[in-house]
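Spelled out from the first residue to the last, the chains are:
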Amino acid sequence: MAYSCKFCFGKPKTLNKMIQDNNKDIAKKWRLLGGQNDWDGLLDPLDIDLRRYILFYGDMAEVTYDTFDREKASKYAGSSLYSKKDLFAKVGLERGNPYKYRVTKFLYATSGLSLPDAFIFKSLSREAWSKESNFMGFVAVGTDESVAVLGRRDIVISWRGTIESLEWVNDLEFGFVSASDILGKGNVHGVEFVNPMVQEGWYSVYTSEDPKSPFNKTSARQQVLAEVRNLVEKYKNEEVSITVTGHSLGAALATLNAADIVANNCNKPRSMPNKSCLVTAIVFASPRVGDANFKKVFCSYNELKALRIRNFLDIVPDYPFIGYLDVGKELCIDTTKSKYLKTTGNPSTWHNLEAYLHGVAGTQGSKGGFKLVIDRDIALINKFSDIIKDEYCVPVNWWVQKNKGMVQQNDGSWNLMEHENGDIDDDVNNL
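This section reports on the structure supplied with the text. Model, not experiment: these values are computed from the prediction. (Residues numbered from 1 in each chain as written. Predicted model: local features only at pLDDT ≥ 70, side-chain atom pairs only at ≥ 80, totals over all residues. Heavy atoms only, no water.)

## Some words on the pattern of salt bridges
Selection rule: Every case where a carboxyl oxygen of Asp or Glu lies within 4 Å of a side-chain nitrogen of Lys or Arg is listed as a salt bridge. Here a strand is any run of E in DSSP of at least two residues, a helix any run of H or I of at least four, and the numbering for each starts at the N terminus. For the exposure calls, accessible area comes from a 1.4 Å probe over protein chains only, and a residue counts as buried if that area is under 20% of its type's maximum, exposed if over 50%, partly exposed in between.
Enumeration according to the criterion identifies 22 salt bridges in this entry. Put simply, Lys383 and Glu62 hold a salt bridge, and the shortest N to O gap is 3.3 Å. Of the two residues, Lys383 sits in the loop between α12 (353-362) and β12 (406-408) while Glu62 sits in helix α2 (residues 48-66), which places them 321 residues apart along the sequence. For Lys342, the salt bridge goes to Asp390, with nearest N and O atoms at 3.4 Å. Of this pair, Lys342 sits in the loop between β11 (329-333) and α11 (347-351) while Asp390 is found in the loop between α12 and β12, placing the two residues 48 residues apart along the sequence. Residue class for Lys342 comes out partly exposed when judged on its relative accessible area of 26%.

## Focus on α2
Rules: Working rule for helices: expected span equals 1.5 Å times residues minus one. Whenever a nitrogen or oxygen atom comes within 3.5 Å of another N or O atom, the pair is scored as a polar contact, on the condition that within protein one atom can donate a hydrogen and the other can accept it, and that pairs from neighbouring residues in sequence are kept only if both atoms are in side chains.
With 19 residues, α2 should reach 27 Å at 1.5 Å per residue; the first-to-last C-alpha distance of 26 Å fits that figure. Where burial is concerned, most of α2 is hidden: 18 out of the 19 residues are buried. Between the side-chain oxygen of the N-cap and the backbone nitrogen of Asp49 there are 2.9 Å, and the N-cap of α2 in question is Asp47.

## Topic: helix α8 (residues 220-234)
In this model α8 runs 21 Å from its N-terminal to its C-terminal C-alpha over 15 residues, within 8% of the 21 Å that 1.5 Å per residue would give. For α8, the complete set of buried residues consists of Ala220, Arg221, Gln223, Val224, Leu225, Glu227, Val228, Leu231 and Val232.

Shown next, in the form of C-alpha cells:
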C-alpha cells in the first residue's frame, strides 16, 4: 500500500520539509481533527489536515482487508496472512508514512447466528485453523517516535468489514437486540434512555463466544476492551487518544465498540478515574447500528465522537431502513465525479474502501467537482476491483500473493504455502 506525501501546494518543498510542516499541524490540531468540536467548520470545504487524518485511519481499516486470507482452499482461510510484528511493512504502510504504530493484539470473532459468508469466512480444508472464528481486526498503538508527530499517544482499533459481494445486504435480517448488557440503561449525564437496541448481526459478531474455538473462548468485545484497558493504564501519564475505524461491517463494529469503551470507562485509567481520553470513531460506508435509544446513549458522552464517511451512491449506509438512526457527523463524497474512475459503476464499486479513500482525497464538497488535493496513488483503487479507467493501465485485482500462495517444492511439485503468520499459536495461548 503506497502512502503518498505530496501534500503541499505553491512553492515546492522537499519531501522531508513537507512532512515536518504537516506533522506540526496535526500535532497542534489533533483534538479538533478528532471531533472535539464536532468538526465544526472542517467538513465543507474539507480541511486539508482532516483530509489527511481521515485517509490515515482509512488506510488502517484497509489493512484488515490486505492481510486477510481469502483463499478458501487454504487451511488458514479467514486468518491474517501476516504477523503482528511485520503487519504494516507487509501491507505497504511503512514507506513514506511518518506515523509509526505497532500492533499489540489481533482480534478474533465468531457469531451465534447463522450469518452470510461475507461476515465469517470459512475454509474448505478439513484441517482448517478454525471452523468457528475469523480474524476480525487489530489493536495498535503509536510508537515513541510518533508521539511528537501526532501530539499524543494514539491507540487505534481497526475492525474488518465484509469480504464478499454485497448480496449480504439482501440476505441479512435486520432485527433488533438489546444492548443494555454492555451499554447500560437509565440515565447518563442527565440524558434518560431505556434499553438501547442495536442490529443483532453486528451485536452477535461483537459479543459472541464459542467454547469450541480456541480463538473465541472470549468474545471480540472482551478481547478489545481488555487490551484497551491495559494500554490506557500503561500510558496513563501521557496524553492519550483512542481512534476506532472500520469499513462496512467493520464500521458498524467500530461504532458499537467506541460507545462500549466510553460507557464502561475503558478510556480512563483505573488509578485516575477523572482523566478520560477522547474516543473517536472514523468509519466508512457504515450501515446503521441502533435505534433512537442507542443514539441517545452515544450522544450523551462528551468524549465520544463519530465521523461517518459515505459515498453518494453507496446503498449500505441506508441500511437498515426502518427503526434505525445515524449517529455522529456525516461527510458525503461522490466518486462518480472522479475523472479516473469508470463511469459504469455498480453497488460493489461504490462501496469499495479504496474508492472511498480516493473520494476523500479529491472531494470538493458543496462547490462541486473533483480534484486530488492529496496526491494519493490511484493504483490502490484496483487492489480488489476493476474501477480505474483502462487508459491508466493499472491491472485489476492486483493485490494477490505470489502464485496465490503456491510454492514449488524440491521435487518440482507445487503446494499451497503453510502461512507467514506465526502468531496463531501465540494468540491461542494468550486468549
